[in-house]
Amino acid sequence: MLKGKNILLGITGSISAYKSAILTRLLIKAGANVKIIMTESATDFISPLTLSTLSKHPVYTKYFEKDTGQWNNHVELGMWADVFIIAPASANTLGKFANGISDNLLSATYLSAKCQVYIAPAMDLDMWKHGSTQQNIKRLKSFGNKILQPNTGELASGLHGEGRLAEPEEIIHYLENSLSGHLPLTGKNVLITAGPTYEAIDPVRYIGNHSSGKMGYALAESFAEKGAEVFLVSGPTNLSIDHKMIEKIDVVSAAEMFDTCNALFEKCDIGVFSAAVADYTPTVISSQKLKKQGDLLGLELKKTTDILEVLGKRKTKKQMLIGFALETENELVHAQEKLKKKNLDFIVLNSLNDKGAGFKTDTNKITILDKYNNVLGFELKTKKEVADDIVQKIISLLS
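Residues numbered from 1 in each chain as written. Predicted model: local features only at pLDDT ≥ 70, side-chain atom pairs only at ≥ 80, totals over all residues. Heavy atoms only, no water.

**Q** Honestly, the overall build of the chain in this entry has me stumped. Any pointers?
**A** Within the chain, the regular secondary structure consists of 13 helices and 24 strands. Overall, the C-alpha framework of the chain stretches about 90 × 50 × 35 Å when taken along its three principal axes. Out of the 399 residues belonging to the chain, those deemed buried represent 49%. Across the chain, contacts joining residues at least 24 apart in sequence account for 67% of those joining residues at least 6 apart. As displayed, the chain offers around 19900 Å² of accessible surface, 50% of which is attributable to carbon and sulfur atoms. The positive charge centre, built from 46 side chains, and the negative charge centre, built from 44, are 3 Å apart in the chain. (Helix = DSSP H or I, 4+ residues; strand = E, 2+ residues; numbered from the N terminus. Buried < 20%, exposed > 50% of the residue type's maximum accessible area, 1.4 Å probe, protein only. Contact = heavy atoms within 4.5 Å. Areas by Shrake-Rupley, 256 points an atom, 1.4 Å probe, with all protein chains shown as cover. Lys, Arg positive; Asp, Glu negative; His and termini not counted. Charge placed at Lys NZ, Arg CZ, Asp CG, Glu CD.)

See the structure below:
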């Protein structure tokens, strides 16, 4: 997707400027032509010689190079670029871009550029959170610039929070997704649930299940690879996911999962509900740990809100809703009943009777039943391959 593209890379004064060497190398490896503009303060953090060696082009820092007598034309640089990315972009540079201040070669080129501009901010937590910075971000977005949200982590100041420059691999992935307008799910918002829910009995104990969340996480990755923006609502798991197109939202109980999904559903085009949500939850949660008393313990349970059923009633003609059914007997009958009752476009059936399928495995064997009475069976595959099959089914229905 980046092969043959003319990419102009702007680098500003930030400790994270060292990552620009890795980013340059990755861009070149992807087949892009790279030219680099640095602010003078950026040269304090990384050598122009390093970047010119990697990019195979001279690095531009000033309008006029006294040593060579060369005039660096900001208009020509802006016209040359197919893509202009500023990474890292300091708070100072954000302010200049947002307010039309062109007191250096980088900001003048930004004002001359006619291509899509991508901005990857990097700064300390308090600078990023400051109202003036956030106002500048809003203005830059209103001008049509695309902002790569900074990561959360340890910062140069020793603080922990938002402000870390997106990793070079993430930036490359974001660029490829953004430039791939032909990706089948570009512009689609997808809501996915994954993992178990834990229903508290007391501060120590809970009712749960064996779901690992692997299927839902694989689905999130597959959707993101096809260009979709994903909301992944995850119950408690040991899994992590790191993708610029995926926003992970952690929940614990069935009630929390319902509230989160209910709030997000309206903005989503597709909902895929793979979580193993508890059907029942204790009517009373003890505020103290329950002590052993006798041989029997009575526990009264009440039904949880059926997330799929509620959202199935809310679903519009423009939305698609997919559910999962894990069965141990009369699998097809129960799956078909669930498909109709919950107003689904299709349902993914797992059977615990199939070896290699079900909880905690890296493989799965599924059958897809859709609302048109089609039944499509698949062989045992990895969960990543299963996720791709499910996403491909969705793409075929959309088209």
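**Q** Please clarify how the sheet that holds strand β7 (residues 116-121) should be interpreted in this entry.
**A** Remark on secondary structure: sheet strands pair via backbone hydrogen bonds, oriented parallel or antiparallel. Across the sheet, which stays open at both edges, the six strands sit in the order β3-β2-β1-β6-β7-β8 with parallel pairing between neighbours. The open sheet has two edge strands, β3 (59-60) and β8 (146-147), and neither has a second partner. As paired elements, strand β1 (residues 6-11) and strand β6 (residues 83-89) share four bridges and run parallel to each other. Bridge pairing in β6 places G10 opposite I86. Each of β1, β2 (33-38) and β6 is contacted by helix α1 (residues 19-29), which is oriented at about 180 degrees to β1, the strand it contacts most. (Pairing = 2+ DSSP bridges. Axes fitted to C-alpha atoms, helices over the stretch in contact; angles between N-to-C directions.)

**Q** Any chance you could explain the pattern of salt bridges here in plain terms?
**A** Once the charged atoms of two side chains with opposite charge are near each other, the side chains can pair. Within this structure, the stated rule accounts for 15 salt bridges. The partner of D202 in a salt bridge is R205, with the nearest N and O atoms 2.6 Å apart. Under the relative-accessibility criterion, D202 is labelled buried at 3%. K342 is paired through a salt bridge with D306; the nearest N and O atoms lie 2.8 Å apart. Pair noted here: K342 is in the loop between α12 (331-341) and β20 (346-351) and D306 is in the loop between β18 (301-303) and α11 (307-314), with a separation of 36 residues, a long-range link. The class for K342 is buried, based on a relative accessible area of 12%. Here the salt bridges share partners, and the residues they tie into one network are E225, K226, K384 and D388. (Salt bridge = Lys/Arg side-chain N within 4 Å of Asp/Glu carboxyl O.)

**Q** Which parts of the structure should I look at to understand helix α5 (residues 105-112)?
**A** Within an α-helix, residues lying three or four positions from one another point in the same direction, as the helix has 3.6 residues per turn. Of all eight residues that make up α5, seven are buried, and the element is covered over most of its length. Buried within α5 we find L105, L106, S107, A108, T109, Y110 and S112.

**Q** Help me out: how do you make sense of the nonpolar core in this one?
**A** The nonpolar side chains of a soluble globular protein tend to be buried with one another. The biggest cluster of nonpolar side chains holds 33 residues, and the ones touching the most others in it are L219, F223 and I390. Elements with a minimum of two residues in this core: β11 (189-194), α9 (214-225), β14 (229-234), β16 (270-273), β19 (320-327), β20, β22 (366-370) and α13 (383-398). Looking at this core, the element that brings in the most residues is α9, giving seven residues. Counting 29 residues, the second largest nonpolar core, distinct from the first, contains L51, I85, A120 and L175. (Core = buried A, V, L, I, M, F, W, Y, C linked by side-chain atoms within 4.5 Å.)

**Q** Please explain the sheet that holds β22 as it appears in this structure.
**A** Taken in spatial order, the eight strands of this open sheet run β15-β14-β11-β16-β19-β20-β22-β23, and their pairing is mixed. The strands lining the two open edges of the sheet, one partner per strand, are β15 (246-250) and β23 (375-377). For this sheet the average axis-to-axis angle between neighbouring strands, irrespective of direction, equals 15 degrees. Across four bridges, β11 lies against β16 in parallel orientation. Bridging across to β16, T193 finds its partner in F273. α9 contacts β11, β14, β15, β16 and β19 of the sheet and is inclined by roughly 165 degrees relative to β11. Sheet strands in contact with α12 are β19, β20, β22 and β23, and its direction is about 150 degrees off that of β20.

**Q** Honestly, the packing of aromatic side chains in this entry has me stumped. Any pointers?
**A** Given two aromatic rings, their pairing is described by the distance between the two centres and the angle made by the two planes. One pass over the structure, following the stated rule, counts three aromatic pairs. Relative to Y110, the ring of F97 lies with its centre 4.0 Å away and its plane at 10 degrees, an arrangement referred to as stacked. Here Y110 lies in helix α5 and F97 lies in helix α4 (residues 91-99), a separation of 13 residues in the sequence. With respect to class, F97 is no different from Y110; both count as buried. Ring geometry for Y118 and Y174: centres 6.1 Å apart, planes at 85 degrees, overall edge-to-face. Here Y118, found in strand β7, pairs with Y174, found in helix α8 (residues 168-179); they are 56 residues apart in sequence, far enough to count as distant. A residue is classified by how much of its surface remains accessible, and Y174, at 17% relative accessible area, is buried. (Phe/Tyr/Trp six-rings, centres within 6.5 Å; stacked < 30°, edge-to-face > 60°.)

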